[in-house]
Amino acid sequence: MKSYLAAAIQMTSQPDLEKNLAAAEELIELAVGKGAELIGLPENFAFMGAESDKIAQAETIALKADKFLRTMAQRFQVTILGGGFPVPVTGIADKAYNTAILVDGNGAELARYQKVHLFDVNVPDGNTYQESSTVMAGIDLPPIYGSDSLGKIGLSICYDVRFPELYRYLSQQGADVLFVPAAFTAFTGKDHWKVLLQARAIENTCYIIAPAQTGNNYERRYTHGHAMIIDPWGVVLADAGEEAGVAIAEINPQRLQQVRRQMPSLQHRVFV
Ligand SMILES: O=C(O)CNC(=O)[C@H](CS)NC(=O)CCC(=O)C(=O)O
């Protein structure tokens, strides 16, 4: 593993696939221009809209998002995480997996994860989320991809961040970098987003790369923003604020080893 720059992209995706992919392309180009070699796109990067619209277009979104990620990774010779897009479930007409894929500079898929924890929550601001109405929950633990140059990369999506056991599993498998692509609600995000991400970084002594949705995506859906990169000590290295853009920071294996020497908590685990 070498030192390199990673980017967490922040977008305001809308119910418009082509527009979102064009916006994502611009931001990937921006991140590449700044030297990023590992780039994450947020949950719902390709489409963010009403559940019924999403499921109606799922087949097209799945095909185009997949092709887009491979094309971008190849064109810019970088590794890209597509942080979550619907992939229809074979044989079940109205359900899709909320899927994240990691692709390399050859356009090859390195890892795939289907979101396990679904956001079925009545948020106290009056919005009701019932992700399970259109999404089939994944049943497998997330994958870790071991890259010689970029380190061991673990995947997760959004609401997963509230379930520390998933990240404990990833760190036990040797993960160095944890992806948490998200579309956190503005209401929960203001109090929970940064705290949860820092906790996952600190307790697992891993880097966190957290791409995000921000602003008014559609109708009354507002997302929190603050795409960020956090180091294994819990320090926020970069924060994209509330506008579309990128958070860029160095992923440094020396720093990782230093923190793991200074705080060897992973070696002191008793229960899990
Ligand atoms: O908002 C939308 O329209 C789209 N959102 C999403 O696709 C997903 C599933 S509904 N959002 C989350 O998981 C938010 C989690 C969260 O915000 C928390 O854990 O507090």
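Scroll up to find the structure this text is about.
Overview of the structure. (Residues numbered from 1 in each chain as written. Predicted model: local features only at pLDDT ≥ 70, side-chain atom pairs only at ≥ 80, totals over all residues. Heavy atoms only, no water.)

**Side note on the site of the ligand**
We apply this condition: Throughout, the term near means that a residue has one or more heavy atoms lying within 4 Å of the molecule or strand in question. Pairs of N or O atoms within 3.5 Å make up the polar contacts considered here, provided that, within protein, one atom can donate a hydrogen while the other can accept it, and that residues adjacent in sequence are counted only when both atoms are side-chain atoms. Accessible surface is estimated by sampling points in the Shrake-Rupley manner with a 1.4 Å probe; for residues, cover comes only from the protein chains shown.
Close contacts around the ligand come from 16 residues, with N44, R162, T188, Y218 and R221 the closest. Between N44 and the ligand, the recorded distance is 2.8 Å, taken from a side-chain N or O atom to an oxygen atom. In this structure, R162 approaches the ligand through a side-chain N or O atom, which is 2.6 Å from an oxygen atom. In isolation the ligand offers 490 Å² of accessible surface; the protein chains occlude 98% of this area.

**Looking at the pairing of strand β16 (residues 245–251)**
Rules: We call a residue buried when its accessible area falls under 20% of the maximum for its residue type, exposed when it is over 50%, and partly exposed in between, using a 1.4 Å probe and counting protein chains only. Note on conventions: DSSP H or I runs of at least 4 residues are helices, E runs of at least 2 residues are strands, and numbering of each starts at the N terminus. Whether two strands pair comes down to DSSP finding at least two bridges between them.
Of all the seven residues making up β16, five are buried; the element is thus mostly covered by neighbouring parts of the structure. Of the strand pairs in this sheet, strand β1 (residues 4–11) and β16 are connected by seven bridges, and their pairing is antiparallel. From the neighbouring strand, A8 faces β16, where its bridge partner is A247.

**Points about the sheet that holds strand β9 (residues 151–154)**
For clarity, the threshold we go by: To obtain an axis, a line is fitted to C-alpha atoms, over the contacting stretch when the element is a helix, and the angle between two such axes runs from 0 to 180 degrees between their N-to-C directions. Contacts were defined at the residue level, with two residues in contact if any of their heavy atoms lie within 4.5 Å.
What the six strands build is an open sheet, ordered β8-β9-β10-β11-β14-β15; its pairing is mixed. Pairing within the sheet leaves two strands with one partner each, and these edge strands are β8 (144–147) and β15 (236–239). Pairs of neighbouring strands in the sheet enclose a mean axial angle of 15°, with direction left out of account. Pairing of strand β10 (residues 177–179) with strand β11 (residues 207–210) involves three bridges; the strand directions are parallel. Pairing of L178 across the sheet is with I208, part of β11. Of the strands in this sheet, β10, β11, β14 (228–230) and β15 are in contact with helix α5 (residues 186–204), which crosses β14 at around 30°.

**Digging into helix α1 (residues 17–33)**
Our working rule: What a helix should span is 1.5 Å times the count of its residues minus one. The arc under discussion is defined with respect to the helix axis, by the directions toward the C-beta atoms.
Across its 17 residues, α1 extends 24 Å between first and last C-alpha, which sits within 8% of the 24 Å expected from 1.5 Å per residue. Considered for burial, the residues of α1 that qualify are L17, N20, L21, A24, L27, I28 and A31. Buried residues along α1 cover an arc of 130° about the axis, so they all sit on one side. Among the exposed residues of α1, those pointing more than 90 degrees away from its buried face are E26 and G33. Just downstream of α1, G35 is the residue with a positive phi angle, here 100°.

**What to know about the packing of α1 against helix α3 (residues 58–76)**
A pair of packed helices can be characterised by two numbers: the angle between their axes and the separation between those axes. Put simply, the test is: Each angle is binned into one of four classes, with values under 35 degrees roughly parallel, values over 145 roughly antiparallel, values of 65 to 115 roughly perpendicular, and all other values oblique. By the definition used in this description, the sense in which the near helix is turned from the far one sets the handedness, with an anticlockwise turn below a right angle giving left-handed and a clockwise turn giving right-handed.
At a minimum axis distance of 11 Å, the contact between α1 and α3 shows a crossing angle of 20°. Classified by the angle between their axes, α1 and α3 sit roughly parallel to one another. α1 and α3 meet at a crossing whose hand is right-handed. Packed against α1, whose contacting residues are L17, E18, L21, A24, E25, I28, E29 and V32, the element α3 presents T60, I61, K64, F68, M72, R75 and F76 at the interface.

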